[in-house]
Amino acid sequence: MRRLGLVIAVAALLPVAVVTPAQALPDGLALTPPMGFNNWNTTGCAVDERIIRDTADIFVAQGLKAAGYQYVNVDDCWAEPARDAEGRMQANKARFPNGIKALADYVHSKGLKFGIYTSAGTLTCAKTQPGALDHEDVDAQTFADWGVDYLKYDNCNNAGRPALERYTKMRDALAKTGRPIVYSLCEWGENKPWEWGAAVGHLWRTTGDIKDNWAKMVQILKANAPLAPYAGPGHWNDPDMLEVGNGGMTTAEYQSHFSLWAMMAAPLLIGADLRKVSPANFDVLRNAEVIALDQDRRGVQARVLSNQDGHWVFAKPLANGDVAVALFNETTSNATIGTTAAAVGLPKAAGYSARDLWARRDLQTAGRISAVVPPHATVVYRVHAGGSWLRNAPLVSTGVELAAPVPGVPGEITPAGKPFEVTVSATDEARVPVFDPRVTLTAPAGWGVDQLSRPRAFVLGTGDTVAARWRVIPPAGTEGTTAVLRGGVSYRTIGFGQVSWAGDQQLTVPAAPPVAPAWASDLRWAAEKNGYGPVERDMSNGSIPAGDGKPLTINGAVYPKGLGAHAPSEVVFYLGGRCTAFTADVGVDDEREATNKQGSATFEVYADGARAAATGVRTWQDPAVALTADLHGAQYLRLVVTDGGDGNSYDRSDWAAARLTCA
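Since the structure is predicted, the reported quantities are computational estimates derived from the model, not experimental observations.

A.B. asks: Account for the overall build of the chain, with residues named and values stated.
C.D. replies: Secondary structure assignment for the chain yields 10 helices and 39 strands. Against the globule reference of 26 Å for 663 residues, the chain gives a C-alpha radius of gyration of 26 Å, in line with a compact fold. Each of the three principal axes of the chain carries a C-alpha extent, and together these read 80 × 70 × 45 Å. Out of the 663 residues in the chain, the part that is buried amounts to 57%. In the chain, once contacts between residues fewer than 6 apart in sequence are set aside, the share between residues at least 24 apart is 74%.

A.B. asks: Now, about the sheet that holds strand β1 (residues 35–38): what can you tell me, with residues and values included?
C.D. replies: The sheet built from eight strands is open, its strands ordered β7-β6-β5-β4-β3-β2-β1-β8 with parallel pairing. Two strands bound the open sheet, and with one partner strand each, they are β7 (236–238) and β8 (268–270). Neighbour-to-neighbour, the strand axes of this sheet turn through a mean angle of 25 degrees, independent of strand direction. Summarising the sheet, strand β4 (residues 150–154) and strand β5 (residues 182–185) pair through four bridges and their orientation is parallel. The partner of Y153 across the bridge, within β5, is L185. Lying on the sheet, helix α4 (residues 99–109) is in contact with β2 (71–73) and β3 (113–119); it crosses β3 at an angle near 145 degrees.

A.B. asks: Tell me about the state of the cysteines, residues and numbers included.
C.D. replies: Enumeration over the complete set of coordinates arrives at three disulfides. Across the disulfide from C45 sits C77; the S-S distance is 1.7 Å. Of this pair, C45 sits in the loop between α1 (40–43) and α2 (49–61) while C77 is found in the loop between β2 and α4, placing the two residues 32 residues apart along the sequence. Given a relative accessible area of 1%, C77 falls into the buried group. For C125, the disulfide goes to C156, at an S-S distance of 1.9 Å. The sign of the S-S torsion, about 90 degrees, decides the handedness of the disulfide formed by C125 and C156: right-handed. A residue pair is termed long-range when its members are at least 10 positions apart, and C125 in the loop between β3 and α5 (136–146) and C156 in the loop between β4 and α6 (163–177) qualify at 31 residues. Just as C125 is buried, C156 falls in that class too. Numbered by position along the chain, the disulfide-linked cysteines of the chain connect as 1-2, 3-4, 5-6.

Reading guide: rules and limits
- Residues numbered from 1 in each chain as written.
- Predicted model: local features only at pLDDT ≥ 70, side-chain atom pairs only at ≥ 80, totals over all residues.
- Heavy atoms only, no water.
- Helix = DSSP H or I, 4+ residues; strand = E, 2+ residues; numbered from the N terminus.
- Rg over C-alpha atoms; globule rule 2.2 N^0.38 Å.
- Buried < 20%, exposed > 50% of the residue type's maximum accessible area, 1.4 Å probe, protein only.
- Contact = heavy atoms within 4.5 Å.
- Pairing = 2+ DSSP bridges.
- Axes fitted to C-alpha atoms, helices over the stretch in contact; angles between N-to-C directions.
- Disulfide = S-S within 2.5 Å.

Below, the structure is given as C-alpha cells:
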C-alpha cells in the first residue's frame, strides 16, 4: 500500500521479451477491471461509516453506478486494535458503531458491492489493527460472513515471510468460504507479482503508492506501462487508485490520469471524497466513452507505440475491431503528436472514423491520427476502419507551438527582452479537402509581435499544412509573471460549414537573473517539478502541504539553507549569462521513519543543455558530497534529481547550502 515503490526505467518501456499469457483464476471474477471507490487517498485513517454510506449514496445520485462503478471499499484503520475472544476482527466501535455487516448491507441495498482491507502481516500498514498473517482462515470467513465482495491485501509487517506463500494462503482461505470475493494483491510490485499474480489474485499493485501530483502520476505510468503483456480478463496490473478530484492537479492533468489508466486497463478506484468533488471532475470520472475503453471485454492493456521527448502514443485494440489511440503530452509545451492507422494495427481502408472521446466529436482521417496536444494533456481517439467515415468532419490537427528552446529547458520559459518564435499551424489529415485556411496569433498587450511568414493556400488537401510564424518579445517589466498566447485557425469545409479553433499556450516570464552571489533558496525559480509535493526552501521535502518539512539534514549534518526535493525532481533558474558557478552539498535527507532505512538518488547539474556536474548514486547512509559546476555563459541552471534505480520511495534529496556566484 504505501512503502517501497517500483521504478522501471523508461528505456524499458517497450518490452522485448516474449511473455506467455497468464491464466486467470477459474472463478469468473473481475473479467473487466474493477471500478469503485477507496477512501485511503482522501481520508487516510480518518475513515468512518458515514463517508462510506455517503459514497454509496453519491454513486447512485451522481450517475457513477450507472457509469459502471460498483465497489465501495474501506481501507486501513477500520478495526479495533485487538481481536475478540474467538480470534475474530472487530469493527472500531467509535467510527463504525453499527458494525461492518450493517455497512455492507447498506452498500448492497444500493445495488453496489462492498470491499474491505487487511495486510498479509502481523499488523496493517497503519499499525492500528491486527493483520491477517496466520489468521487467514478466520479472517476470510469473517469477511464472507459480513458480505464482503472485495479484499485489498497489503504487505506491511510481514515478518519476512515469502510473498507468494502469504498471498496464496489468503487466496485459498477466500476460496474455502464459497463467497465470490475479488482479491487485490497489494505488495507494491516488490516481488514482480505480474509474473505469478494471475494464479493467486485478480489484480496486483505494480508500484508504490500514488500521490496527488503530476510527477508521481507520470512516474507510476512509466512503471506500469511496460507490463501490458501480463494483463487480461480476470488478472490486471494495478497502478494504484485514481486521484481525480483531490485537487492537486488541473482538470487537463486529471483527464490524462483517467485516460491513461483506462488505456492501461487499470482498476478505476476513485480516491477522492465525493462529497467535495467539483462538477468538472465528476465529468472526468463519468466519461462513458473513456470508461468503455477500460471495460472493453477483450481486456488488452494498451501498448506504448512510441515515446519521444515526452510525447507518447498508446494503442489499445478493442473487442469490436476498433483501436483506441491516446496521444499524451508529458511536457509543458504544446506538441504535435501522431501515428498512423497501420501503425496501431488497423486494416487498410479508404478512410477511417476517429471519435475524439474528450471533445466528443466524430472526425474522418485518411490514415494519419494526430493532434497538437496541450501541455500535460491527452487526446484519445477511438478509430474505426471504413464504415461511414465520409459523414464525419475532417480531422484537422491545429495548435500553437514554440520554437525549440535551449536543450532541456521548457520552451514556455520566455525571458523579458528575449525574442522567441511561435508557429500556428493546421494540417488536414482527412480524405477530403478544407478551404480558405487562416491562422492568427494574439499576444498580451504591450508584447512585441512580428509576423515572419504568411501562409498562401486556398485549399488544403490530405496531408497538407498551412502555418504562420511570428517573432514575439516579452517587454521589460514583465519579469516574474505568466502570460498566455492564443493561436487561432479557421477554415471552410463541405457539409460542415465554417470551422474555427482557438488554443492557448501559457508562458512564464522568469524573474530577472541574479546580479550578486545568492542562496538558491532565496531566488525565484523559473520552473520546478517534484516527485512529492513542492520543492521546499530551507527545509526538507516533507508531506504534500508546502512548508511541512524539517531542517535539511544529511547523515546527521544540519544545513540552514538549501532546497528540499524528492526524486524525480527538476528546478530551473534563469541566469541570463550572469553567473559563473554553482555549489552545493547534496545527499539523501535523514527525514524518514526510523525503521525505513531506504532512499537513494543521483544529483545532476546542467548549464543550459550540458551536464556540468553529477554524482553517482547516493544513499541514505552516505554523508553529503560537494558539487561544483561551471556556469560561465549559461542562460539557465537546471538541478535534477533522479531515483537511484530502486524506485523513489523515501528519496528526499537535499541541495544543501546551494549557492550561485553571480555578478
